[in-house]
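Report on the structure
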Amino acid sequence: MKFTLSWLKDHLDTTATLDEILYALTDLGLEVEGVENPGARLRDFTLGYVASAEQHPDADRLRVCQVETDEGLKQIICGAPNARQGITVVVAKPGVYVPGIDTTIGVGKIRGIESFGMMASERELELSEEHDGIIELPSGTVGQSFADWLAENDPVRVDPVIEIAITPNRPDALGVRGIARDLAARGLGKLKKRDAEPVESTFPCPITVTIDGDTLEQCPVFYGRLIRGVTNGPSPKWLQDCLRAIGLRPISFLVDVTNFFTYDRNRPLHVFDADKIAGNALRVHRAKGGETLVGLDEKEYTFSEGMTLISDENGVESIAGVMGGLASGCTLETTNVFVEAAYFDPIRTAYTGRALRINSDARYRFERGIDPEWTPYGIEHATRMILDHAGGEASEVIVAGKIPDFTRSYKLDAARVQSLVGMDIPESEQRQTLTALGFVLHGNMAQVPSWRPDVQGEADLVEEVARIASLTKLKGKPLPRLTDGVPKPILSPMQRREAMARRTCAALGYNECVTYSFIDQASAALFGGGTDATRLENPISSDMSHMRPALLPGLLQAASRNQARGFADLALFEVGPAFHGGEPGEQHLLVTGLLVGRTGPKDVHGAARAVDVFDVKADAEAVLAAIGAPSKVQILRGAAEWWHPGRHGMICLGPKKVLGVFGEVHPRVLAAMDVKGPAMAFTLWPEEVPLPRQTGTNRGALQISDLQAVERDFAFVVDAEVEALTLVNAAMGADKSLIEDVRIFDEFIGGSLGAGKKSLALTVRIQPQTATLKDKDIEEISARIVEKVTKATGGTLRG
């Protein structure tokens with residue numbers, strides 16, 4: 001949004017400086033993006049008086065001038081044809097930068113005679129393209145700043161242009177009037193009254209306007225008026241200067257009027273050449289689809305069903321709220337003009353403009369929301385300006401539909417400013433602020449002005465009060481302590497457990513990934529998800545249609561992308577939620593790691609090898625130990641189908657208490673996700689790890705037995721398909737209080753064992769706690785071990 005300082009002062013009676021206004025705008029939430037201040041670059045140029053001008057002895061076109069300046073009489077060589085005695089000129093002294101020629105003036109010799117400055121032309125000061133001679137001023141005193149002289153005599157040339165950023169919730173600031181209202185509420189001046197008296201009509205309007213019944217939601221109201229006998233032509237200089245300053249090209253007076261009110265009051269208007277309206281009737285309707293129109297930009301547009309159009313008997317004449325048509329547009333030959341002021345639905349206007357790829361000032365404002373109640377005033381203001389400058393006579397105003405009622409009020413609770421913002425603002429000041437912004441107060445109820453569609457609740461009233469008071473006045477205060485003494489921990493046990501898992505994975509050499517919580521349906525289905533319960537209603541892309549049922553698909557996708565770029569050895573992990581439903585609370589925390597490739601780069605000693613199941617098993621056990629899981633666990637089969645059926649294990653505290661899964665990812669899953677395997681992974685459920693019974697910070701005494709441990713070796717002959725883990729779990733269950741550890745140390749297949757058999761040897765470590773074990777005790781434990789293993793496996797003790 002661009003505007004000039006003088007334009008702002010047409011609405012705001014203020015003595016504030018430019019810097020004060022710029023600071024206030026940003027502080028009010030209307031961030032200043034840029035300022036073009038011509039006066040700043042002309043500040044160093046001063047006025048001089050040519051006391052004498054003589055012919056240069058060695059050049060026919062040069063004159064040696066003696067110029068009176070604020071530093072005394074200066075000799076300046078000048079080649080301008082109008083350089084002569086007795087004129088007031090603009091002087092650039094040595095050291096002054098001249099923008100038009102991109103040069104800093106210095107002392108120099110021209111044909112052997114020294115020159116101590118320059119007398120400037122308009123083009124050299126970037127005031128215009130005029131360069132036939134130097135600037136001659138009709139008045140001014142020697143030494144006066146040229147910028148100050150222009151401000152007094154020709155202020156348009158030094159009028160600063162301000163550009164501010166408008167957030168989508170402040171459509172009222174798309175008009176200079178709205179910006180002035182904010183500054184007046186801040187106390188930087190007083191808002192001027194700029195109301196136009198209603199124009200007295202002299203004849204009935206011959207043009208009728210109707211709105212189809214199914215289009216009233218898209219165009220609730222339409223005001224129109226015919227002005228006949230106008231003289232269209234170039235706009236007055238002040239209007240052209242306003243439009244040029246903000247980057248608009250003056251076209252003709254009738255068109256420039258609509259552009260002026262678009263920026264002045266955030267009130268887009270449109271003018272039709274009344275003589276080109278077929279049948280003297282306009283109809284606002286929904287497009288059926290397939291209609292076409294050549295717009296004012298001379299491009300042809302084809303409309304889709306549902307777009308809002310304005311048509312006459314011959315067809316479409318305007319795209320409602322977006323752009324007018326070329327055929328019915330005003331030209332310099334227009335003598336009868338039909339002025340339109342309507343309100344169009346913001347959402348429908350946005351859809352239409354986006355579909356047609358039209359970015360116009362009208363669309364930009366309608367889709368953010370204009371003031372519907374100012375619609376009749378807008379047509380009166382435009383009529384008055386047209387009559388004052390182009391002549392003619394105005395008809396009666398015709399109205400189709402009615403102004404939509406957006407009236408709403410919210411309770412003003414003065415205490416909420418303190419509770420929501422932390423600022424102590426007296427209630428009287430709060431009420432004064434809201435009144436200055438256009439709110440109407442009835443007791444403790446504040447009625448929202450029609451130009452503020454963003455105010456939708458009591459909290460918005462607090463925001464307005466705090467914004468005008470300035471949030472820079474907000475002072476930081478430490479929060480009061482809720483308890484005395486040492487404060488309780490801030491992090492919950494689960495939060496600390498999550499942080500420890502993350503730190504441990506990183507310490508093990510894994511790189512953390514943060515993947516999207518949304519994945520495609522096919523990937524989700526591979527991991528037990530992809531159902532309607534986790535499907536998004538409005539996904540940002542087809543690849544993010546479902547909430548992830550696990551973290552592993554995101555890591556596999558990351559691995560695939562890395563492999564495609566030549567990174568084959570990967571160690572990735574992620575800590576985050578996965579979702580087993582679409583309702584609040586239907587999620588669970590996971591810790592997942594992924595190993596792909598080899599354990600390290602190629603090595604002359606052959607230390608590098610392909611990653612295997614035992615790598616991720618060790619890493620999973622390390623993470624579980626770090627987050628406080630019991631050291632004695634069971635490793636069972638039966639994990640989900642995306643794990644390799646024979647190369648995985650579930651870490652359990654019992655058949656129904658699963659802490660995690662480790663193993664090789666199923667080759668079918670790797671192929672579907674374009675990952676070159678094999679790939680090893682682990683997934684842990686931190687929430688399943690039991691919390692410690694004691695919540696204090698003290699650690700219990702270290703339990704170490706001073707009695708001699710005993711180790712016994714056993715070898716069992718079992719079927720070849722029997723898993724070693726079955727033997728380990730059975731042996732551990734023989735006496736949980738005394739058996740400390742069970743390890744497999746040998747496997748033998750073939751020989752005298754026969755086909756389908758194998759021998760597994762294991763070491764059992766027995767640690768007494770209260771008394772040294774005797775031979776009888778050891779034999780009893782050994783017997784129970786043999787009994788448990790043979791019962792669990794169907795094998796026999798090898799002789």
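Up top is the structure these notes are about.
Report on the accompanying structure. On a predicted model such as this, the values are computed, not experimentally measured, just so you know. (Residues numbered from 1 in each chain as written. Predicted model: local features only at pLDDT ≥ 70, side-chain atom pairs only at ≥ 80, totals over all residues. Heavy atoms only, no water.)

What about the overall build of the protein?
- Helix and strand counts for the protein come out as 20 helices and 42 strands.
- Its C-alpha radius of gyration of 42 Å places the protein more than 25% over the 28 Å reference for a compact globule of 799 residues.
- When the backbone C-alpha atoms are referred to their principal axes, the protein occupies close to 130 × 80 × 60 Å.
- The buried share of the protein, reckoned over its 799 residues, is 48%.
- Surface exposure of the protein reaches about 40,900 Å², of which carbon and sulfur atoms provide 50%.
- When the 85 basic and 108 acidic side-chain charges of the protein are each reduced to a single mean position, those positions are 7 Å apart. (Helix = DSSP H or I, 4+ residues; strand = E, 2+ residues; numbered from the N terminus. Rg over C-alpha atoms; globule rule 2.2 N^0.38 Å. Buried < 20%, exposed > 50% of the residue type's maximum accessible area, 1.4 Å probe, protein only. Areas by Shrake-Rupley, 256 points an atom, 1.4 Å probe, with all protein chains shown as cover. Lys, Arg positive; Asp, Glu negative; His and termini not counted. Charge placed at Lys NZ, Arg CZ, Asp CG, Glu CD.)

Observations concerning the pattern of salt bridges
- Applying the stated rule across the entire model yields 42 salt bridges.
- We note a salt bridge from E71 to K74, for which the minimum N-O separation is 3.7 Å.
- Taking the shortest distance from any N to any O, the salt bridge between E574 and R548 comes out at 3.2 Å. Taken together, the positions of E574 in strand 33 (residues 570–579) and R548 in the loop between strand 32 (546–547) and helix 16 (552–564) put the pair 26 residues apart, joining distant regions of the chain.
- For R548, a relative accessible area of 4% puts it in the buried group.
- Overlapping salt bridges, with partners in common, bring together R170, D172, D182, R452, D454, E464 and R467 in one network. (Salt bridge = Lys/Arg side-chain N within 4 Å of Asp/Glu carboxyl O.)

Points about the sheet that holds strand 23 (residues 323–324)
- If you walk across this open sheet you meet the five strands as 15-18-21-22-23, and the pairing is mixed. In this open sheet, the two edge strands, each paired with only one partner strand, are strand 15 (208–211) and strand 23.
- Across four bridges, the pairing between strand 21 (residues 308–312) and strand 22 (residues 315–319) is antiparallel. Directly across from S311, in strand 22, lies its bridge partner V316. (Pairing = 2+ DSSP bridges.)

Observations regarding the sheet that holds strand 3 (residues 32–36)
- Sheet architecture is open: three strands sit in the order 1-13-3, paired in antiparallel fashion. Since the sheet does not close on itself, it has two edges, and those belong to strand 1 (2–4) and strand 3, each with one partner. For this sheet, the mean angle separating the axes of adjacent strands, direction not counted, is 20°. (Axes fitted to C-alpha atoms, helices over the stretch in contact; angles between N-to-C directions.)

Focus: the environment of A59
- Here A59 shows up in the loop between strand 4 (46–55) and strand 5 (63–69).
- Between the C-alpha atom of A59 and that of R111, which follows or precedes it by 52 residues, the distance is 7.5 Å.

Observations regarding a nonpolar patch on the surface
- A cluster of nonpolar side chains, V294, L296 and L326, forms an exposed patch at the surface whose accessible area comes to about 220 Å².
- One can find V294 in strand 19 (residues 292–294). (Patch = residues over 30% accessible without salt bridge, like charges linked within 9 Å, V, L, I, M, F, W, Y side chains within 5 Å.)

Observations regarding the pairing of strand 13 (residues 161–164)
- Pairing between strand 1 and strand 13: three bridges, direction antiparallel. Within strand 13, the position partnered with K2 by the bridge is E163.
- Where strand 3 lies against strand 13, four bridges are found, and the strand directions are antiparallel. Its bridge partner lying in strand 13, G34 is registered against E163.

Points about the packing of aromatic side chains
- Enumeration according to the criterion identifies ten aromatic pairs in this entry.
- Aromatic pair F146 and W149: ring centres 6.3 Å apart, planes at 15°, arrangement stacked. In this pair, F146 and W149 are both assigned in helix 4 (residues 146–153), three residues apart and thus about one turn of the helix distant. Neither F146 nor W149 differs from the other in exposure class; each is buried.
- Taking the centre distance of 5.6 Å and the plane angle of 85° together, the rings of W238 and F260 count as edge-to-face. Of this pair, W238 sits in helix 6 (residues 237–245) while F260 is found in helix 7 (residues 253–264), placing the two residues 22 residues apart along the sequence.
- Each member of the aromatic cluster is reached from another via a ring pair, and the members are W7, W238, F260 and F261. (Phe/Tyr/Trp six-rings, centres within 6.5 Å; stacked < 30°, edge-to-face > 60°.)

Digging into helix 19 (residues 724–732)
- Residues of helix 19 that are buried include every one of L727, V728, A730 and A731, and no others. The buried residues of helix 19 occupy an angular sector of 165° when the element is viewed end-on, so they sit on one face.
- If you follow the buried residues of helix 19, they end up packed against strand 39 (710–719), strand 40 (739–749), strand 41 (757–766) and helix 20 (775–793). (Arc of directions from axis to C-beta. Contact = heavy atoms within 4.5 Å.)

Observations concerning the state of the cysteines
- Per the stated rule, a full pass over the model turns up zero disulfides.
- With no disulfide of its own, C65 lies closest to C78 among cysteine sulfurs, the gap being 5.6 Å.
- Judged by relative accessible area, which is 0%, C65 ranks as buried.
- With no disulfide of its own, C652 lies closest to C505 among cysteine sulfurs, the gap being 19 Å. (Disulfide = S-S within 2.5 Å.)

Brief notes about helix 17 (residues 613–626)
- Taking 1.5 Å of rise per residue, 14 residues should cover 20 Å, and helix 17 covers 20 Å from first to last C-alpha, within 8% of that figure.
- Listing the buried residues of helix 17 in full gives V613, D615, V616, D619, A620, V623 and L624. The buried residues of helix 17 occupy one face: seen down the axis, they fall within an arc of 160°. Along helix 17, exposed side chains directed more than 90 degrees from the buried face belong to F614 and A625.
- Looking at the buried side of helix 17, the elements it contacts are helix 14 (493–507), strand 34 (587–596), strand 36 (643–654), strand 37 (657–665) and strand 38 (679–684).
- Backbone nitrogen of F614 and a side-chain oxygen of the N-cap are separated by 3.1 Å at the start of helix 17; the cap is D612.
- Trailing helix 17 by a residue or two, G628 shows a phi angle of about 95°, which is positive. (Expected span 1.5 Å × (residues − 1). Polar contact = N/O pair within 3.5 Å; in protein donor to acceptor, adjacent residues only side chain to side chain.)

Quick look at unusual backbone geometry
- Between G677 and the following residue, P678, the backbone shows a cis peptide bond with an omega angle of 0°.
- Structurally, the position occupied by P678 is in the loop between helix 18 (667–672) and strand 38.
- Despite not being glycine, R357 has its phi angle at roughly 60°, a positive value.
- Relative to the elements of secondary structure, R357 occurs in the loop between helix 8 (346–356) and helix 9 (361–366).
- R357 sits in the exposed class, given a relative accessible area of 76%.

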